[in-house]
Amino acid sequence: MTSFNRSTSRRLKKLTQIPSVWEGDRRPLSSSPNQHSDSEANGECILWVDYSQGVVRGMDVVASDIGPEAIVRTLMRAMEHPHSPAKPARPQRIVVKDREIQFYLRGVLQDLDIVIDYAPELPLIDELFRGFADILDSQTPDLPPQYAQILREKAFAIWQAAPWEFLEEQQILSIEINKWDVGTLYASVMGMLGMEYGILFYRSEESLKQFRAAVLRDEESTEHLEEAFLKQDCLFLTFESADETDEDEDEESDLADLPLSEIDPTFGNIHPLEGLRSVLYDEEALVIFVAIESLSRFIRDHRRQLHEDIFPTLSRRYRISLPQSEESTKSVAVTVSTMPQLAAELEEMAGFDVDDQEIGNLESPTFQSLQDDLIPEDSFLSLGVVSWEMLEYLRKGVSYHQAGEIKQVGDGLPVILIQTSRPKAKTVIERIEAAGGLRAICFNPGADPFDGDRYDLGLLQTQNGELFLFGEFLDEDPIHVEARKKWNQRCKNTKGYCGLIIAKGLTGASRGNPQLRDMMALFEARSLSPKDLGIGTLQLMRQLKFE
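First things first, this report covers the structure right here in the doc. (Residues numbered from 1 in each chain as written. Predicted model: local features only at pLDDT ≥ 70, side-chain atom pairs only at ≥ 80, totals over all residues. Heavy atoms only, no water.)

### A word on the overall build of the protein
Item 1. In terms of helices and strands, the protein carries 14 helices and 22 strands.
Item 2. Residues classed as buried in the protein amount to 47% of the 547 residues present.
Item 3. For the protein, restricting intrachain contacts to residue pairs at least 6 apart in sequence, the fraction spanning at least 24 positions comes to 69%.
Item 4. Carbon and sulfur atoms make up 47% of the accessible area of the protein, which totals about 28,300 Å². (Helix = DSSP H or I, 4+ residues; strand = E, 2+ residues; numbered from the N terminus. Buried < 20%, exposed > 50% of the residue type's maximum accessible area, 1.4 Å probe, protein only. Contact = heavy atoms within 4.5 Å. Areas by Shrake-Rupley, 256 points an atom, 1.4 Å probe, with all protein chains shown as cover.)

### What about the sheet that holds strand S3 (residues 55-62)?
Item 1. Ordered in space as S3-S2-S1-S4-S5, the five strands form an open sheet in which the pairing is mixed. Only two strands of the sheet have a single neighbouring strand rather than two, namely S3 and strand S5 (115-118). Adjacent strand axes in the sheet meet at a mean angle of 20° when their direction is disregarded.
Item 2. Of the strand pairs in this sheet, strand S4 (residues 90-96) and S5 are connected by four bridges, and their pairing is parallel. Paired with Val96 across the two strands is Tyr118, which belongs to S5.
Item 3. This element, helix H3 (residues 99-108), spans strand S1 (17-28), strand S2 (44-50), S4 and S5 of the sheet and lies at about 170° to S5. (Pairing = 2+ DSSP bridges. Axes fitted to C-alpha atoms, helices over the stretch in contact; angles between N-to-C directions.)

### Thoughts on unusual backbone geometry
Item 1. In this chain, Ser84 is followed by Pro85 through a cis amide linkage whose omega measures 15°.
Item 2. You can see Pro85 is positioned in the loop between helix H2 (69-80) and S4.
Item 3. Within the chain, Ala162 stands out as a residue other than glycine whose phi angle is a positive 50°.
Item 4. Checked against the element boundaries, Ala162 lands in the loop between helix H5 (145-161) and strand S6 (173-179).

### A closer look at the packing of aromatic side chains
Item 1. Tallied over the full model, the rule gives eight aromatic pairs.
Item 2. Ring geometry for Trp164 and Phe239: centres 5.9 Å apart, planes at 65°, overall edge-to-face. One end of the pair, Trp164, is in the loop between H5 and S6; the other, Phe239, is in strand S9 (residues 234-241), and 75 residues separate them in sequence.
Item 3. A relative accessible area of 5% means that Trp164 is categorised as buried.
Item 4. Their ring planes at 80° and their centres at 5.9 Å tell us that Phe443 and Phe470 sit as a pair that is edge-to-face. Of the two residues, Phe443 is situated in strand S17 (residues 438-447) and Phe470 in strand S19 (residues 467-474); the sequence distance between them amounts to 27 residues. Exposure class is identical for Phe443 and Phe470. Each is buried.
Item 5. Here Arg99 stacks its cationic end above the ring of Tyr118, 3.7 Å away from the centre of that ring.
Item 6. When the ring centre of Tyr497 is taken as origin, the NZ or CZ atom of Arg526, which lies over that ring, is 4.1 Å away. (Phe/Tyr/Trp six-rings, centres within 6.5 Å; stacked < 30°, edge-to-face > 60°. Lys NZ or Arg CZ within 6 Å of the ring centre and 35° of its normal.)

### What about the sheet that holds strand S13 (residues 331-338)?
Item 1. Strand order across the open sheet formed by eight strands is S11-S10-S9-S8-S7-S6-S13-S12, with antiparallel pairing between neighbours. Edge positions in the sheet fall to strand S11 (275-277) and strand S12 (315-321), since each has one partner strand and no second. Between one strand axis and the next, the sheet turns by 25° as a mean value, whatever way the strands run.
Item 2. Strands strand S8 (197-202), S9 and strand S10 (263-271) of the sheet are contacted by H5, whose axis makes an angle of about 105° with S10.

### A look at the packing of H5 against helix H8 (residues 282-306)
Item 1. Relative orientation of the contacting elements H5 and H8 amounts to 25°, with a least axis distance of 10 Å. Accordingly, the angle class assigned to the pair H5 and H8 is roughly parallel. Pair H5 / H8 crosses with left-handed handedness. Touching Gln146, Tyr147, Ile150, Leu151, Lys154, Ile158 and Ala161 of H5 are Asp282, Ala285, Leu286, Ile288, Phe289, Ile292, Glu293, Leu295, Ser296, Ile299 and Arg303, all from H8. (Parallel < 35°, antiparallel > 145°, perpendicular 65-115°, else oblique. Left-handed = near helix turned anticlockwise from the far one by under 90°.)

As structure tokens, then:
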């Protein structure tokens, strides 16, 4: 048995021993199986109270699998650092109602001259725990108990379907329910940028548009964004890491990389008059169940069409069986449809947020061909980020072409790094400068009709409108998929600013990891989406060039 160090025992014996009886116990906080969302409610509470004075001296909440040492740690704090108004002291007598705890404490505290007794009941602690139980049991669970399990199952089905891999936030799906005072929900899928994953189910098209307009208008005002967020009228399903302690440890970690066992779905409601609550009541639980189930079926049935570059016009009707409930209705007919016209309207709204003075005219000229002779074939290529500190060094030490005033948000400027030999690097720089500099960097879809492969093509657009291929990446390459997620997220942080670094040293010791001295040029530019570029999917022609 573990015992105190002698120095600890001497320290505790110096405390004034008062003629008091203390009660101590350790009990589960709640016996309710529906408190799964609250880790503390699933733990155990350790209490030490001074029965003579009627005060709590120490209290801790611990996991149920923590050993008996925990009750001693709480007792030590109750003696040396008690809750106010109690003063540091040690009791003459301790009473517990658990024989194992009694024998354990007798062994640990044998040098402190404290009598350890057993009693079948502890009046003060029993009263306190009854109060705790009443409070916990009166709390509304996050999900109605009868729907909790099936809602989590449906949420995990959505997570595995991963609609954010092919649906952007503005590509809205309508879900016509016409039940429980709900007409049509408008589903917006979050997650394509690898930041927040989930689905917002707006109760009206007007609420959706108002929120988008507010975000575009006040995107740099945290206060206004929070106000706009709370004015939404929607139900939601979001996904978070089940281990909250790792939330801020690695800014680059992506929730999508975690196993299913570490994903935790959260349901809730937002309303201008209610604010945000992560609790669903019975009717809301049924509504979101029907919405998720019908959306899952629609994604399953139309996954291939939804992957296309153009948001298609699709509609399908489903009969959704309801889980057992007090409802007399056994099933609900639901119609799920895409809304290309609304998506185009939302994209147009977002376009008004672009500062044309900063970006210049980024619309593509009439597309003729894509050139692939700018970047040497043997070049080393990577998608990465340059810290803001390193960016300042680069601006001072290399050939530098500025794109605009960049606000330092996030971990740095997203960059494409191309490393080649010094002569070839010099040629690349000269050609870009001769074309007026770099205007934009874009990743655009490409396809090989001969073998069916699909590509993510890295493109450079110069100021004179020419397009140059700098990389061909298979859509299914997991390394590139992860790099693209980080690229998209960083570009969002910088409001679309990015950069191209041309470096030498391909055959030297710094191959694949060029140092500051190897970097010869920095071209700042804007990041374009395929829709901004407006050239559609590029096909590999028989001449083995993308055109």
